[in-house]
Structure formats: structure tokens, C-alpha cells
Amino acid sequence: MEQRSRIASPVVWQLLSFALFFGLWEVAGRWPISFAFPPFSKTFMALLRMIADGSLPKAYLSTLQPLVIGIFLCSIAGIGFGIGMGLSRAIEWFSLPIFIVLQAAPMAAMIPLITYMYGIGLTSKVLAVVVLAAPVIVMNSYKGIRNTNPSLIQMCRVFLGTRRQEVIKIILPHAAALIFAGLRLGLAMGFIGIVIAELLITPTGIGDLITYHSSVADYPEMFAAIASIIVLAALTIHALERLERKLFPPEIRGS
Amino acid sequence: MSADAIVEVKEVGKTYDGGVEALTGVSLGLPRGRLSTLLGPSGCGKTTLLKIIAGLIPPSSGEVWVKGKKVDGPGPERAFVFQDFALLPWANVLRNVAFGLELRGTPKEQRFEVARKQIAEVGLSSFESSYPHQLSGGMRQRVGLARALAVDADIILMDEPFSSVDEQTRRKFQEELLELLRHKQKTVIFVTHSIEEAAYLSDQIVLLSPRPGTVSKIIHPNIDRGGRDPDEIRRDKNYLDVVDEIWQILKQYI
Ligand SMILES: Nc1ncnc2c1ncn2[C@@H]1O[C@H](COP(=O)(O)OP(=O)(O)OP(=O)(O)O)[C@@H](O)[C@H]1O
Ligand SMILES: [Mg+2]
């Protein structure tokens, strides 16, 4: 404790790091190389303007809708499917190869295909989120189930636990941390999916703001829109990570 | 085979899926209310034999009879103490000790009452609400032992329960285990690597040969333990003879 106070707390370091980053951005933006790259101050002012005139909040309302729906679908069907794969040899046997390929493949390449099949509506955008988020959610749930300490399972059996008790009292609690981590990674993928979808499929929401402002050369506005989605995604993922550490501290995770 | 054997192992052999033959033609009887040790070189199939008796893995040949019934799975008269403790990391000591009863559907109040008593007996009363990661290896092993005692099985199977504790703790455990046996009339089957531990604790020592394990000798140490202090027992002529006898046999396997 004493040692820590002498070197200043981590929060101070983090703030310093941000200050340095924004400072460099400011300098780089003022460098007369490209006027398409605005300095931090102008971008920030543009951000405030877009919040004030309501265009940014409105854009987020339409961007977050397919994201939330997509992640919700994944968290029910994806986790369910991953658990099924972990528990049943039969399900594992026919679906594991597919998911191993899906997890490694650049799923973003599927998005034009989705547009082709489902048009440019909400369905397509939800699907774009699902396609990117589902593999990691399914695989994490599956691995969580499969990695259960075999010694705990034998313990459960030797003390006369039924298969049902084995699943509910040992396997699922054991997998919970990995499943939650899968959701967090899935959400990160979902952010990528929704932005690509809005840039490629339908110019709506935040994707529309970016495209529109770039087409009329409002570069500070365009940058503000880009920065806002990056910050939102980063903050959300970070909050989930903290929640995860709180819910499943490493020492009680049991691996 | 002795008349009052509570566990009878008849011509048991085990070949694992990969083709490893771990045990072959093992026959022995384990007397009721006594402590028997399985001793032998590493990899000779001690854990395998213990798990077959527990009903956790089926033998490839032969059979095991417990209390006059053929074993085809785990049963309420057998409890197991695991070498790696096998405690639920997300549950506190109280729930871990009560877990066997929880699986049997014993109501909460009742099973916690039993668990508290067992926790007190292994000397962990002030740790009821601690989690396994907050305990030392020796304390975790006591939790494992308390869990096995809580289900009130007649037979307690222990796989190298003291292998991860230091020598002082180990000796203290051995005392406690002997004390426990004297009071509860449990039959204990105990796997160990330690010749001294086997000689000190056992009423019967089963020596296994290297893989595939067979019974190479059964020794019945006749050490008078009644009311004597541990150091005295360790200087006892019978005790020293047994240690030497085992050593002469195990020496050939190195
Ligand atoms: N699940 C398994 N599948 C295949 N082979 C196994 C399995 N479990 C054990 N074996 C093999 O069977 C043999 C006996 O193993 P076992 O664990 O019973 O020995 P052990 O006497 O308990 O050894 P140690 O003293 O090292 O604990 C070993 O050669 C081991 O490699
Ligand atoms: Mg072993």
C-alpha cells in the first residue's frame, strides 16, 4: 500500500495516458498534411454539436436496436447450443467442425451475402450481428462445459449424484465464467458486425452518420461519429470485464 | 480370504482403452473395521484398484463384492477422499462438507448440522465460511475427509490423502486418523507411497507389484498401538521389522 502511493495511483497514470493521446491527436490534426484529419478539439466540438442537435442520439437508437436483438438471440440460442455440444457427444460430433471453421473464418465476408438473401432491413442487420458474435459465444460455452475438472465429476458420482445434479451443481457453475467471457467477446464482435452492416448494407444509424459526413466533407463530424462508437464499444466491454471479475473472481472459478 | 471381509476383490483385471494393462488377477479381502493400505511402485494400479472398488470405473475382468453385494457403481456404504481434494471452489467449507448429503436430498438444516459436527471433528470450526482457496493443502484435505465422514459410509477409500502436506502435519493427521478409527468402527482403504505411513497405520498392508499390478504380498503388522504414544510405537520392534520387510520387497522393483 505504501509503495503504491509513492508511485501515484493507476488512475492518475490512466488519465495521463489519455491526456497524452489527445494531445498528440491535437498536434497531428494541426499538422498541415491532410485537412481530412481534424484535430481533437474540433472533433470534440463536433461531437457536442451532434449531441445537441439530436442527430447522434437518434443514430444510436437505430444502431443499438439490431445489436441488442442480435446479442440477445445469441445469448439464448448460442449458449444453449454450446452447452448442448458440451453435454452431448452426438451434437458435438456433427457441429463442432462447423464451429471451429466459423470461429476461424473472416465472417465479415458473409455480410454481402446476407444482404443478397435478406435485403436491407432490420433482419439483415440482426443477422450480421449474429453471424459475427455466435461462433465465439457457442465455442466458449462448449469449452466451459468440456473443461470441467474430471475429479469433481467423479466426486459427484461417488457421492451418488445423478447426471442431472452433475450438470446443475458441478458442470454449469464450473462453466459460468467462460460462458460469461464468451458473451463479452461476442458483444465485441457484435459491435464490429453492426458497424460493417451499417456501412455496407443500409446507411442507417451511426454508419449513416459516418458515410454522410464524409460525403459532404464534414470531417470533424465524421471523426466524432467514428470516435463515439469506438469509445462506446470500449467502455461497454470494459464494464463487462469488471463485472466478470466481480462475479467470477479467479480463485473461485475452479479450473 | 478372511471370514469377515467387508470388501472382496476377486480376480480383478483392468485394461484401459488405450491398451494399458493396469491390473491383472488381483484378489484380496479387506477386513471390516480395519485399516488396509495399498502400497506399491508408482503406476502399479493403486488408484485404479481404489476406483474400481469405489465403483467409479468398471473392471475389465473379475468382480468386487461389498457387504455381500456385487459392485456395479458407487454406493452409499462407500465414500472417497480424493488425492486432489475435489472440493467445489465456489462453495464454502460448510457446503462442501455437506455436499454428499445435498446430493442425497437431505434438508438444508439437517445436513448443515451434520456437516458442522464433522467440521468440528476435523478441527476446522472457525473456517466454516471460508472458501477452499483460502485454506492450506492440509486443511483442504480435512474438508475432503469431513465430507466423506458426513455421509456416514462404512467404508472410506482414501487415495494418497496425505501426499501434499508436510511431515509434521502428516504425522498429526495419522494420529487423528487412528483416533477416528478407534471411535467410529470405519473400514478404511488407504493408498500411500510411504512405507512408514503404511506400517504405522495399517492392520493389513497389500503390496502390489509393478504394472500390471498383482498382489505380491499381504502383511499383517502386529503392532500394539493401544494407549502408547506415537514415538514409542515408532521404536517398537514389530514396527521396525515391518518397515524392513516391506523395504526388502519394494527394493526389488526399483
Ligand atoms: N484413464 C486412463 N487411461 C489409460 N491409462 C490409464 C488411465 N488411468 C491410469 N492409466 C494407466 O494405468 C496405470 C496405473 O495407473 P494408476 O493411476 O492406477 O497407478 P498408481 O499406482 O495409482 O500410480 P501412482 O502411485 O503414480 O499414483 C498407469 O500406467 C497409468 O498410466
Ligand atoms: Mg495413484
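Everything numeric in this text was worked out from a predicted model, so none of it was measured.

**Q** So what exactly am I meant to see when it comes to the environment of Val81 of chain B here?
**A** Residues and elements named next belong to chain B. Looking at where Val81 falls in the secondary structure, it is placed in strand S6 (residues 78-81). Expressed as a C-alpha distance, the spacing of Val81 and Gly138, which sit 57 residues apart in the sequence, is 13 Å. Residues within four places of Val81 in sequence aside, it is in contact with Gln141, Gly144, Leu145, Ala148, Ile156, Leu157, Met158, Asp159 and Pro161.

**Q** What is the right way to read the interface of chain B and chain A from this model?
**A** Taken residue by residue, the interface counts 28 residues in chain B and 19 residues in chain A. Taking both partners together, chain B and chain A bury about 2,100 Å²; carbon and sulfur atoms supply 69% of that area. Of all residues in chain B, the largest losses of buried area upon contact with chain A belong to Leu56, Trp90 and Leu103 of chain B, amounting jointly to 33% of the total for that side. Here chain B is connected to chain A by one salt bridge.

**Q** When you look at the site of ligand 1 in this model, what are you seeing that I'm missing?
**A** Residue and element names in this part refer to chain B. Around ligand 1 there are 13 residues in total, and Ser42, Lys46, Thr47, Thr48 and Arg211 lie nearest to it. Within the side chain of Ser42, an N or O atom sits 2.5 Å from an oxygen atom of ligand 1. Taking 640 Å² as the accessible area of ligand 1 by itself, protein coverage stands at 64%. Top element by residues in the shell around ligand 1 is helix H1 (residues 46-54). It accounts for three residues. Here the shell around ligand 1 is composed, by residue class, of four nonpolar, six polar and three charged.

**Q** I'm lost on the sheet that holds strand S10 (residues 215-219) of chain B in this one. Help?
**A** In a beta sheet, neighbouring strands are held together by backbone hydrogen bonds and run either parallel or antiparallel to one another. All names here are of chain B. Ordered by their spatial adjacency, six strands build an open sheet running S6-S7-S8-S3-S9-S10, and the pairing between neighbours is mixed. Where the open sheet ends on each side, the last strands, each with one partner, are S6 and S10. Across the sheet, the axes of successive neighbouring strands diverge by a mean angle of 15 degrees, strand direction being ignored. Bridge analysis of strand S3 (residues 35-39) against strand S8 (residues 187-192) gives five bridges, and the strand direction is parallel. Within the sheet, the bridge partner assigned to Thr37 lies in S8 and is Phe190. Together, S6 and strand S7 (155-159) form the strand contacts of helix H4 (residues 137-150), whose direction differs from that of S6 by roughly 175 degrees. The strands touched by helix H5 (residues 167-184) within the sheet are S3, S7 and S8, with S8 carrying the most contacts at an inclination of about 160 degrees.

Thresholds, definitions, all that
Residues numbered from 1 in each chain as written. Chains lettered and ligands numbered in written order. Predicted model: local features only at pLDDT ≥ 70, side-chain atom pairs only at ≥ 80, totals over all residues. Heavy atoms only, no water. Helix = DSSP H or I, 4+ residues; strand = E, 2+ residues; numbered from the N terminus. Contact = heavy atoms within 4.5 Å. Buried area = accessible area lost by both parts, 1.4 Å probe. Salt bridge = Lys/Arg side-chain N within 4 Å of Asp/Glu carboxyl O. Near = heavy atom within 4 Å. Polar contact = N/O pair within 3.5 Å; in protein donor to acceptor, adjacent residues only side chain to side chain. Areas by Shrake-Rupley, 256 points an atom, 1.4 Å probe, with all protein chains shown as cover. Nonpolar A, V, L, I, M, F, W, Y, C, P; charged D, E, K, R; others polar. Pairing = 2+ DSSP bridges. Axes fitted to C-alpha atoms, helices over the stretch in contact; angles between N-to-C directions.

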